[in-house]
Structures are given as structure tokens and as C-alpha cells.
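# Fold and contact review
Listed below are the residues making up each chain.
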Amino acid sequence: MKINRILCCCMSGLGSSFLVEMNVKKVLQKLGMDDVSVNHAGVYDAGPGVADLFICAADIKEECEKYGPTIALNSLTDYDELEQKFKSLIGA
């Protein structure tokens, strides 16, 4: 799976999605994937072609899955969960 753009989503597009964005950037840096664009937004900004991968809280997973591959997190603050699910998705 080629990933160029990641959108981290939450209900309002403010605090929690920004936190996830920062953690995603740490994971990408650790994996040497510096060419991936990462942004955060509200779930209402998700749409077809907006991103190659959506990362969100488990409670809005169904909404994001309508538009592409999605990683749903049980805990938005759990860096290890994010890293494990991301690595699993890309086969690292």
C-alpha cells in the first residue's frame, strides 16, 4: 500500500486529531517515511481522494472507512497502539 497522504480525524478536528497527527509523524520518522503528508481535521472533512489513509477514534471508524483505508484507535493517546497498527497495515 502506497501512502502519500494521511488524515487524522476526530469529531471536531481540534485537539485529539492534532495529538494523533503528532504521534503519526513520530511513527513515520521512526520508519524513515519522511515524504508522507500528515494533517488533522474533523470527520466532516474526510472524503473521497482526501487521503490515502485515515486514522481516527474507534467511534468514528465507520464514517472514515467510507472514504478509504482506516486505522481505528481505541485510545488516541496510546502511541504503542498506533505504531503497532500502522506497522501491521504497511507490513513493517
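Residues numbered from 1 in each chain as written. Predicted model: local features only at pLDDT ≥ 70, side-chain atom pairs only at ≥ 80, totals over all residues. Heavy atoms only, no water.

Attention shifts here to the sheet that holds strand β3 (residues 53-57). Across the sheet, four strands lie side by side as β2-β1-β3-β4; this open sheet has parallel pairing. The open sheet has two free edges, formed respectively by β2 (37-42) and β4 (70-73), since each of these has just one partner strand. Averaged over neighbouring strand pairs, the angle between their axes works out to 20° when direction is ignored. Relative to β4, β3 runs parallel, the two being bridged by four bridges. Looking across to β4, one finds that Ala57 is bridged to Leu73. (Pairing = 2+ DSSP bridges. Helix = DSSP H or I, 4+ residues; strand = E, 2+ residues; numbered from the N terminus. Axes fitted to C-alpha atoms, helices over the stretch in contact; angles between N-to-C directions.)

With that settled, consider the pattern of salt bridges. This model, assessed by the stated rule, comprises eight salt bridges. We note a salt bridge from Lys2 to Asp35, for which the minimum N-O separation is 3.9 Å. One end of the pair, Lys2, is in the segment before β1 (5-10); the other, Asp35, is in the loop between α1 (15-30) and β2, and 33 residues separate them in sequence. We note that Lys2, like Asp35, is exposed. For Lys30, the salt bridge goes to Glu83, with nearest N and O atoms at 2.7 Å. Of this pair, Lys30 sits in helix α1 while Glu83 sits in helix α3 (residues 79-90), and the two are 53 residues apart along the sequence. Residue classification places Lys30 among the exposed residues on the basis of a relative accessible area of 55%. Among the residues examined, Glu83 registers a relative accessible area of 9% and is labelled buried. Connected through shared salt-bridge partners, Lys30, Glu83 and Lys87 make up one network. (Salt bridge = Lys/Arg side-chain N within 4 Å of Asp/Glu carboxyl O. Buried < 20%, exposed > 50% of the residue type's maximum accessible area, 1.4 Å probe, protein only.)

Along any regular strand the residues' side chains alternate between the sheet's two faces. Burial of β1 is extensive: five of the six residues sit out of reach of the surface. Examined bridge by bridge, β1 and β2 share six bridges and lie parallel to one another. Bridging from a neighbouring strand, Cys9 pairs with Ala41 of β2.

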